[in-house]
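Architecture and fold: a report
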Amino acid sequence: MTRALLHLILLSPLLPAQPAERSLEADLSSGWRMIEGDNPAFAQAGGNTGTWKSVTLPVSDLPFGMYWLTRTIQIPAGSVDAPQALVLGTMPGEYEVYLNGLHLGSTPNFRMGNVVLPCMYSFPIPAGILRSSPTLYIAFRMDVAPRHASSEVVRTSALYRVTSLQAAKVAVAGEIDRRRVATFPRAATLLLDLVFAAALFFVWRNRGGWTAALWLGSAFVSFAASSAIFLALHWSTIYPTSTDLRWVASAEEGTFYLGEIAILGFTLAMINRVSRGWLILPVLFFPAICAIPYFPGRPIYILGDLSTLGVAGGLAVWRILAGRQTGAGIFALILAFCGSFLMSSTFHFTGPAVSIGPLVFRVDNWAQVLIGFLMMADVLRRSAADWGERQRLGSEMESARAVQSLLLNAQSSPGGSEWAIDARYVPAQEVGGDFYWSRVEPDGARLILIGDVSGKGLKAAMLVSLIHGALERETETSPAALLSNLNEVVCTHLRGGFVTACCARAEPGGCLRIANAGHVSPYAQGLEVEVAAGLPLGVVRGVEYSEVALPLQPGSAFTLLTDGVPEATNAQPELFGFDRTCGISQQSAQEIVSAAQAWGQSDDITVVKVRRAK
């Protein structure tokens, strides 16, 4: 036995080679006949197809409906003994295949109302058919239904042929690999959109909450979500599923459309003065956009795109033509962005593609990415400039706060031997409009004035400084006369608004004289002092103020404060009120301030406590 096997091995090169299996190779691109309608009899050979329309695969732009396509192939006698298959590339709808009247198979979504995602399929041919007949009669029953087809289809090879089963497997496997690689450029745009969005959200969160950055970042998130759903849809062609994917297609359309609305919001935020009511128009189309995969035609889609991008583009053109000295560049970019989307998404103009190896880059997609990058870069540049200006203004406000603090805190020290002052000042912002002032007279009397400038911020603080300067030059010692003189100064320099003030003269021996110019009444011994309110300063010239006299016993005190205490507001909202203010008026200045802050500070708070020595 061993010797026989050895001889067989040595003689094997001399034995005749076994004939290779023979395969039928036929191109199926041309020679088809097509008719609209649905008749099961078309699956059988023998019908009259002479009047049918001649077509070449792939067929495109077919109206919705059922179609039959047929053609015949002659098989040379004895030419086939290898397993065969049909390889079919892109078709305009879902379909089932018949061969000599025998149902060969169908695409996964045939007659399911699912999403059309063109892909290559192969259908093995039973060996008995090739041996039993010299003719192959191929028939497609094709359903071009009102279903959504992705607006961006990964290109598939236009391969339509009869070939060996092994060659068909290789072709389909190669197509799947190629489709995996072909989705990489879209995945790259997804990542870039997320990077852009992250940068813009950082600007919005950490640079003063700039609304334009929030809108543009939201647009990039929406476009990234649309890309992610697109990739999920096309990976479903690599791993076919019988699940209804129309809701996924709805999400793709919806997220992309949300991005367009966000672009409109970004445009409105950049213009500032245009009403946000413009957003209502595109928002009304949103439900219809999500329902597109379930209905024939796309008129709502076109109206939706035109409503968002048309409005945004129109506003951008208006901004440029209006000759605005700043921002023309960003609005030109918005216009280009809108035009790009209107071309690619509404009218399905995908533009040329650039192939780099197995990768295919759509020019319109990357043009949108480039324009989006330029928009983001302009927003970041503007944000950096705005942040620098905010820092400069913040530094100036801090300097103003420091100067104001020095002016006010200098009055907190005791003055004279009989009267002592305890004052607290807490502005609602960096600087405020509250102020107080004090001076010891040669006779030992103490002049105290508290006031509140209408408005807040730097303008109010500047007026406070002006008033302090006027008070330092003032020679009057009567509260009423001092308020009258100060009213003339304020009327001269104030352009709009007013100043409330209350002035008191604490004399040796315990007599207190008070004049009021529209200010909150002072408190003494836990009661509100009745004093004529008078007109606020700066309302009209030539105002005369009246005084009231109030005796204070040794150890007694009176309290001057601004309306920041009674107008403190909690979350309900409920005012602290005058009753509560009166109830705590005998407490120290710090305790009164703390009570108002705990309730909810909404305005500048100033409290001046004046106590007579025992």
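By convention here, each chain's residues receive numbers from 1 onward along its written sequence. At least 70 in pLDDT is required for a residue's local features to be given in this predicted model, at least 80 for side-chain atom pairs to be given and counted, and no such filter applies to totals for whole chains, interfaces and linings, which use all residues. Side-chain figures throughout are based on the complete set of non-hydrogen atoms in the structure, without hydrogens or water.

1. Comments concerning the sheet that holds strand β16 (residues 499-506)
Remark on secondary structure: sheet strands pair via backbone hydrogen bonds, oriented parallel or antiparallel. For clarity, the cut-off: By the convention used here, strands pair only if DSSP detects at least 2 bridges between them. Labels follow the DSSP assignment, with helices taken as runs of H or I lasting at least four residues and strands as runs of E lasting at least two, numbered in each case from the N terminus. A fitted line through C-alpha atoms represents every axis, and for helices the fit uses only the stretch in contact; the resulting angles, taken between N-to-C directions, go from 0 to 180 degrees. Residue contacts are defined here by distance: any two heavy atoms, one from each residue, within 4.5 Å place the two residues in contact.
With respect to topology, five strands assemble into an open sheet ordered β14-β15-β16-β17-β20, the strand pairing being antiparallel. At either end of the open sheet lies a strand with only one pairing partner, and these are β14 (434-440) and β20 (547-551). Going from strand to strand, the sheet's axes swing by 15 degrees on average, the running direction of each strand aside. Together, β14, β15 (446-453), β16, β17 (511-517) and β20 form the strand contacts of helix α13 (residues 479-493), whose direction differs from that of β16 by roughly 150 degrees.

2. Describing the pattern of salt bridges
Rule in force here: By definition here, a salt bridge exists when the distance from a side-chain nitrogen of Lys or Arg to a carboxyl oxygen of Asp or Glu is within 4 Å. The buried label applies to any residue whose accessible area, calculated with a 1.4 Å probe on protein chains only, is under 20% of its type's maximum; exposed applies above 50%, and partly exposed to all values in between.
Under the defined criterion, the tally for this structure stands at eleven salt bridges. A salt bridge links R141 to D38, with the nearest nitrogen and oxygen atoms 2.8 Å apart. Within this pair, whereas R141 is found in strand β9 (residues 135-144), its partner D38 is found in the loop between β2 (32-36) and β3 (53-55), the two being separated by 103 residues in sequence. With its nearest N and O atoms 3.1 Å apart, the salt bridge here joins R505 to E507. Across the pair, E507 and R505 agree in class, each one buried. Counted as one network, the salt bridges with shared partners bring together D443, R505, E507 and R513.

3. Observations regarding the packing of aromatic side chains
Think of a pair of aromatic rings as described by two things: how far the centres are apart, and how the planes are tilted against each other in angle. To keep it simple, the criterion reads: Ring geometry is summarised as follows: Phe, Tyr and Trp rings, the Trp one being its six-membered ring, pair when their centres sit within 6.5 Å, and such pairs are stacked at plane angles under 30 degrees, edge-to-face over 60 and tilted between the two.
Under the criterion given, the structure shown has nine aromatic pairs. Ring geometry for Y95 versus F140: centroids 5.6 Å apart, planes at 65 degrees, classification edge-to-face. Taken as a pair, Y95 in strand β6 (residues 94-99) and F140 in strand β9 lie far apart in primary sequence, 45 residues in all. On the basis of relative accessible area, Y95 is assigned to the buried category, the value being 1%. A centroid spacing of 5.6 Å and a plane angle of 80 degrees characterise the contact between F576 and W599, whose relative ring orientation is edge-to-face. Taken as a pair, F576 in the loop between β21 (557-561) and α14 (577-583) and W599 in helix α15 (residues 589-600) lie far apart in primary sequence, 23 residues in all.

4. Structural notes on the nonpolar core
Nonpolar side chains in soluble globular proteins generally cluster together in the buried interior. Note the cut-off: Residues enter a nonpolar core if they are buried and are Ala, Val, Leu, Ile, Met, Phe, Trp, Tyr or Cys, with the set joined through side-chain atoms within 4.5 Å.
Within the largest apolar cluster, 33 residues are counted, with the highest numbers of intra-cluster contacts made by L28, L69, L86, Y95 and F140. A total of five residues in this core trace back to one element, the largest contributor, which is β9. Excluding anything up to four places from it in sequence, L28 contacts L57, R71, I73, L86, L88, I138, Y160, R161 and V162. Ranked by size, the runner-up nonpolar core spans 25 residues in total, among them F435, W437, L494 and A501.

5. So, the confidence of the model for the protein
The condition that has to hold: Here pLDDT means the predictor's own confidence in every residue, given as a number from 0 to 100.
Predicted confidence across the protein gives a mean pLDDT of 77, with 70% of residues reaching 70 or more. Predicted confidence is poor over residues 346-350, with pLDDT under 50, and the contacts of this stretch with residues over four places away or in other chains come to 13 contacts. Confidence drops under pLDDT 50 across residues 410-415; counting only partners more than four residues distant or on other chains, this segment forms 16 contacts.

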